[in-house]
Amino acid sequence: MTETIKNQLTEAYNRSAFRCTLDEYIAIQCRHCERSEKCPHKNAFRRAPVIDGGLGLCPNLKEVTA
């Protein structure tokens, strides 16, 4: 991920109501994920962390929190 994209996501995170960490927020962004074509959780709220009301099902999220 480029520094520009990370900066844009950081700004979006700061404007959002998400309570998860910045790393978790970046991990669940489907448009920047290499798995998004085959992921059953693509753009579904269930991919979000439990603290934000999701089910925490994003495979990238599992890597960040491990």
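A.B. asks: So what about the packing of aromatic side chains? Which residues, and what values?
C.D. replies: Taken as a whole, this structure holds two aromatic pairs when the rule is applied. Geometrically, the ring pair formed by Tyr13 and Tyr25 is tilted, given 5.4 Å between the ring centres and 55° between the ring planes. Linking Tyr13 in helix α1 (residues 3-15) with Tyr25 in helix α2 (residues 22-27), this pair joins segments that are 12 residues apart in sequence. For Tyr13, a relative accessible area of 18% translates into the label buried. According to the relative accessible area criterion, Tyr25 is buried, its value standing at 7%. Ring geometry for Phe18 versus Tyr25: centroids 5.3 Å apart, planes at 65°, classification edge-to-face. Judged by relative accessible area, which is 24%, Phe18 ranks as partly exposed. Chaining the aromatic ring pairs together yields one cluster made of Tyr13, Phe18 and Tyr25.

How each quantity is defined
Residues numbered from 1 in each chain as written. Predicted model: local features only at pLDDT ≥ 70, side-chain atom pairs only at ≥ 80, totals over all residues. Heavy atoms only, no water. Phe/Tyr/Trp six-rings, centres within 6.5 Å; stacked < 30°, edge-to-face > 60°. Helix = DSSP H or I, 4+ residues; strand = E, 2+ residues; numbered from the N terminus. Buried < 20%, exposed > 50% of the residue type's maximum accessible area, 1.4 Å probe, protein only.

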